[in-house]
Amino acid sequence: MITRDVKIRVPYNHTDKMGIVHHSNYICYYEMARGEMFRSLGASYREMEEQGTFLVVREVHSVYYASAYYDDLLTVRVTLKKEPTVKAEFDFEIFNEAGTLLNTGKVILASVDSETHRPCKPPKWFIELYRRYSDD
């Protein structure tokens, strides 16, 4: 299992007239945290795409407990619990500065060949990164 905490400051354009984060933006925060997790491991989505593999969203689940507001500093905890296969499952927890759990989520991504758009195994380096940094 690999877990990373990513800090995200809520921008004004992610909120409604009351200053509350619109529910759809939590999914954006998931994406941002996944990207930062890759960077923390010395890799990037861009690198994977340049090597011929896309990670496409297959499923998204999101549960809301409390609101986030404009200018809040959020902690997005992203966890990759299992070694990636054709699919990779990421779990998320989002906390405010007081440590209150605001949201939980899960995103399942599928590895797809960039030319054929058919499911494929992820690049070997992605699996090796998981094995190197996982605390399993």
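Residues numbered from 1 in each chain as written. Predicted model: local features only at pLDDT ≥ 70, side-chain atom pairs only at ≥ 80, totals over all residues. Heavy atoms only, no water.

### Points about the pairing of strand β3 (residues 73-80)
Keep this limit in mind: Only protein chains enter the calculation, and the probe is 1.4 Å; a residue is then buried if its accessible area is under 20% of its type maximum, exposed if over 50%, and partly exposed in between. To qualify as a helix, a DSSP run of H or I must reach at least 4 residues; to qualify as a strand, a run of E must reach at least 2; elements of each kind are numbered from the N terminus. Pairs of strands are assigned from DSSP output, requiring at least two bridges between the strands.
For β3, a buried count of 6 out of 8 residues is recorded, marking the element as mostly surrounded by other parts of the structure. As paired elements, strand β1 (residues 2-9) and β3 share 8 bridges and run antiparallel to each other. Residue pairing in the sheet places Val6 in a bridge with Val76 of β3. Across 6 bridges, β3 lies against strand β4 (residues 87-95) in antiparallel orientation. Its bridge partner lying in β4, Thr75 is registered against Phe95. The hairpin formed by β3 and β4 contains 6 residues between the paired strands.

### A short note on a nonpolar patch on the surface
We count it as follows: Patch membership requires more than 30% relative accessible area and the absence of a salt bridge. Residues of like charge join within 9 Å; the nonpolar side chains Val, Leu, Ile, Met, Phe, Trp and Tyr join within 5 Å. Exposure was quantified through the Shrake-Rupley algorithm and a 1.4 Å probe, taking into account, for residues, occlusion by the shown protein chains and nothing else. Salt bridges are defined as contacts in which a side-chain nitrogen from Lys or Arg sits within 4 Å of a carboxyl oxygen from Asp or Glu.
Residues Ile27, Val57 and Val60 make up a contiguous nonpolar surface patch of roughly 220 Å² in combined accessible area. Judged by relative accessible area, Ile27 falls into the partly exposed class, the value being 36%.

### A word on the sheet that holds strand β5 (residues 101-113)
This is how the line gets drawn: Only C-alpha atoms enter the line fits that serve as axes; for helices the fit covers just the stretch in contact. Angles between N-to-C directions range over 0 to 180 degrees. Between two residues, a contact is recorded if the distance between any of their heavy atoms is within 4.5 Å.
Strand order in this open sheet of 5 strands is β1-β3-β4-β5-β2, and the pairing throughout is antiparallel. Here the strands that pair on one side only, and so sit at the sheet edges, are β1 and β2 (53-64). Between one strand axis and the next, the sheet turns by 25° as a mean value, whatever way the strands run. Across the face of the sheet, helix α1 (residues 25-40) comes into contact with β1, β2, β3, β4 and β5 while running at roughly 115° to β4. Against the sheet, helix α3 (residues 124-133) touches β1 and β3, its axis set at about 100° to β1.

### Some points on the nonpolar core
Applicable threshold: For this analysis, a nonpolar core means a set of buried residues of the types Ala, Val, Leu, Ile, Met, Phe, Trp, Tyr and Cys, connected via side-chain atoms within 4.5 Å.
With 32 residues, the main nonpolar core has Tyr29, Phe38, Phe90, Phe92 and Ile94 as its most contacted residues. Secondary-structure elements contributing two or more residues to this core are β1, α1, α2 (45-50), β3, β4, β5 and α3. Looking at this core, the element that brings in the most residues is α1, giving 6 residues.

### Some points on the confidence of the model for the protein chain
In plain terms, the rule: You can read pLDDT as the predictor saying how much it trusts each residue, on a scale of 0 to 100.
Looking at the protein chain, the pLDDT average stands at 94 and 99% of residues meet or exceed 70. β3 holds the highest mean pLDDT among the elements of the protein chain, 98, whereas α2 holds the lowest, 88.

### Quick notes on the environment of Tyr12
Summarising the element assignment, Tyr12 is placed in the loop between β1 and α1. Residue class for Tyr12 comes out exposed when judged on its relative accessible area of 61%. Between the C-alpha atoms of Tyr12 and Ile94, which are 82 residues apart in sequence, the distance is 18 Å.

### Brief notes about α1
What counts, and what does not: Multiply 1.5 Å by the residue count of a helix minus one, and that product is the helix's expected span.
When the terminal C-alpha atoms of α1 are compared, their 23 Å separation across 16 residues agrees well with the 22 Å that a helix rising 1.5 Å per residue should span. Turning to α1, its buried residues are Asn25, Tyr26, Tyr29, Tyr30, Ala33, Arg34, Gly35, Met37 and Phe38. Note on α1: the residue one or two positions beyond its end, Gly42, has a positive phi of about 85°.

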